[in-house]
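# Notes for the structure review
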Number of protein chains: 2
Amino acid sequence: MGRAVGSWRRATLACVLVLVLVLVLLAGTRALENGLARTPTMGWLHWERFLCSTDCASDPLSCVSEQLFMQMADLMVSDGWKDVGYEYVCIDDCWMSLTRDNQDRLQPDPERFPSGIRKLADYVHSKGLKLGIYGDVGNKTCAGFPGSYGHYDLDAQTFADWGVDLLKFDGCNYGTQDQLAEGYRNMSLALNKTGRSIVYSCEWPLYMRPMQRLVIGNFGLSWDQQLTQMALWAIMAAPLLMSNDLRHISPQAKWLLQNKDVIAINQDPLGKQGYRITKDNNFELWERPLSGGTYAVAVMNRQEIGGPQIFSFSTSFLGNGLACNPACSIQQILPTSEDWGLHNWVSFLNIKVNPTGTVLLKVVVIGESPAEKPVMNINKKPSPDIL
Amino acid sequence: MGRAVGSWRRATLACVLVLVLVLVLLAGTRALENGLARTPTMGWLHWERFLCSTDCASDPLSCVSEQLFMQMADLMVSDGWKDVGYEYVCIDDCWMSLTRDNQDRLQPDPERFPSGIRKLADYVHSKGLKLGIYGDVGNKTCAGFPGSYGHYDLDAQTFADWGVDLLKFDGCNYGTQDQLAEGYRNMSLALNKTGRSIVYSCEWPLYMRPMQRLVIGNFGLSWDQQLTQMALWAIMAAPLLMSNDLRHISPQAKWLLQNKDVIAINQDPLGKQGYRITKDNNFELWERPLSGGTYAVAVMNRQEIGGPQIFSFSTSFLGNGLACNPACSIQQILPTSEDWGLHNWVSFLNIKVNPTGTVLLKVVVIGESPAEKPVMNINKKPSPDIL
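Residues numbered from 1 in each chain as written. Chains lettered and ligands numbered in written order. Predicted model: local features only at pLDDT ≥ 70, side-chain atom pairs only at ≥ 80, totals over all residues. Heavy atoms only, no water.

## Quick notes on helix 5 (residues 152–162) of chain A
Residue and element names in this part refer to chain A. Taken together, the buried positions of helix 5 are occupied by Tyr 152, Asp 155, Ala 156, Thr 158, Phe 159, Ala 160 and Trp 162. Along its buried surface, helix 5 packs onto helix 4 (116–126), strand 3 (130–136), strand 4 (166–170) and helix 6 (177–194). Directly beyond the C-terminal end of helix 5, a positive phi value near 85° is found at Gly 163. (Buried < 20%, exposed > 50% of the residue type's maximum accessible area, 1.4 Å probe, protein only. Helix = DSSP H or I, 4+ residues; strand = E, 2+ residues; numbered from the N terminus. Contact = heavy atoms within 4.5 Å.)

## Observations regarding the confidence of the model for chain A
Predicted coordinates in areas of low pLDDT are best not read in detail. Residue and element names in this part refer to chain A. The predicted model of chain A has a mean per-residue pLDDT of 84, with 84% of residues at 70 or higher. Contacts of residues 1–31 to residues separated by more than four positions or lying in other chains number 92 contacts, the stretch itself having pLDDT below 50. Low confidence marks residues 369–387, where pLDDT is under 50. Its contacts with residues over four positions away, or in another chain, come to 27 contacts. Both scores are available for the predicted complex, with the pTM at 0.78 and the ipTM at 0.73. (pLDDT = per-residue confidence, 0-100.)

## As for the relation of the copies chain A and chain B
Of the transformation superimposing chain A on chain B, the axial component is 0.1 Å and the angular component is 180°, with the fit at an RMSD of 0.1 Å. Both chain copies can therefore be described as sitting about a two-fold axis. Closest to the rotation axis within chain A is the C-alpha of Ser222(A), separated from it by 1.9 Å. Of all interface residues in chain A, 100% are interface residues in chain B too; the two copies therefore contact each other through one and the same surface. (Least-squares fit on C-alpha atoms with pLDDT ≥ 70 in both.)

## Structural notes on the pattern of salt bridges
Two side chains with opposite charge may pair up if their charged atoms get near one another. Taken as a whole and judged by the stated rule, the model has 24 salt bridges over all chains. A salt bridge links Glu284(A) to Arg302(A); its shortest N-O distance comes to 3.0 Å. Taken together, the residues span a long stretch of sequence, with Glu284(A) in strand 8 (residues 283–290) and Arg302(A) in the loop between strand 9 (294–301) and strand 10 (309–314) at a distance of 18 residues. For Glu284(A), a relative accessible area of 2% corresponds to the buried category. Put simply, Arg112(B) and Asp109(B) hold a salt bridge, and the shortest N to O gap is 3.6 Å. Like Asp109(B), Arg112(B) is buried. Three or more residues joined by partner-sharing salt bridges are found here, namely Arg276(A), Glu284(A) and Arg302(A). (Salt bridge = Lys/Arg side-chain N within 4 Å of Asp/Glu carboxyl O.)

Now the structure itself:
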């Protein structure tokens, strides 16, 4: 059964979760104006699904090996993932050899990555994709492989030499919080010194927050919970890093992860993060300003029992009172795509949401200029979806 | 949105969960040798899905009303639920009027139950089913309706007069733990005094345990989690009381809840409860002795992340070393029905289980008498299911 995962108290999953704080860090990187991560990173990361599976003899299809990443790269192209924006194929912990090479450089496990990372990067690039790799700010990675402490410049240069495009930098086995902060800053400088464009996916904030562990396309989330996860990722402008088995993914999960309307919200070029407007018992109302006078709105039902419940609110709640003033058109994005038609500043929405589920909307402001002003039917009966 | 469910700290869901302790109480009732609940109760209970929905004007299809119970009774017959053993249609909290009648008797809400409980019981009986009702040991029910404290004899007689077949007796709004215990005992005596056979579904143990809230066929459980719930219900000889919307239930959830092999384990006439044999990291191995020298065995993977993992154990673990001695045949019941063929006392099983999922097996002991001894192929290659 391999190593006990329960003992990995700091095993890192943040990239694939609600990464509010990581985005703050990415925003920090963006402040360097190096053109990277202008919108949330999209891709695939091995951790949540494949963990530290290193025994290729007994589990050849699931061990962390170059074969696994090549297969995922192939599927990202053949199964439409690349077309909708997923770009990074990311290696997580457990790719390394237990020792550095004779020049003190990190090296991959020779049996699981016989061709080396440079060759793997070439393969991934040949598919029009990018390669992510993993390191740790401390003395050892979370799984006990060599950490980058004391080797930041060398490791950054090694990754650059290999043609790596993203570094997930974990925070296990560090000293004090101050040392941790200094380590993250130093690796940031080291990456910039290489001259290569490498997205810095920084796990630092994870070490100040509790964790959740479940992601779309695997075994632990109900359909409504998967809808909630995808909607909140979009609202929060979180990196869309899947961690599932693209060889075995349900059509339903694939539909959700490839949903172009949701991805468009996540990738909106305005780059603003969403926020919660209000909380009322078990319901939460979130919104995210998008480019072009548009808002994404999520209504989440946190209740776990009972049947679908209705959350009622005035459109004046949205966009600080401006989203539907004087009018707006509303499109439901999740759980299904539906047109809710035109509404105005006195409209009242009654939205039915399943327990643990979320309804995601796109609200387009309609201005007063004659050219833009359509004939509004604000007294029309609400559709069954609006109840 | 109705009343805030979050404030119902003691809202009761035990019947539809892993009811180890309730079974102990049912066993206590069985000790009266009144013929009731010789095997775990099977049926449907409104709470987890419909809660205290009392506003029939705005939500006619989901409010707690005689219509709802009549519809569920109809569906229990027409959709095969009765055929596989589900028998009790159970009313939970919120059926009552806020006041007792002029003879101090409990009475149903006149708008939601205009025909009265007696008529509803007649209807349910006409379908070959039985009716369950709800009361509370304290001054008020969990939702604030009249409690039975000080009226145990009267309420028991009222339920008997109406033709009720099961009482779920809740434990809200009591005084001390001693008073609670005395109240439960007194209602037990009161029910026996009526002379009518009424199953006593006693919530008392719930008030000493933390709660979980999710059940098969609703919104909050993934498929693997539903498999685990059903398998553990069977192993624990727990009452099979669904709480879902039989008008809208997925074919997959229906298949699971109507699975005759699982129900046969749950309803096994030997009446022994299962127990955990061992725990190894994230895996738990459970077994339940069944009639006819048979064992139900469940392998549960409690890990929430990662991919399917293999749990390996010797058949000598099972049945205190006797289940496969000298030989046994093994049938996989969940997640799918598969024949694993013959094994013996030195066989080793390698069972792959999804995260949060469970594999449920039935192990039939094969004795040494010539008549029973088949030709064994104990060296045969394990099937793909056994890996």
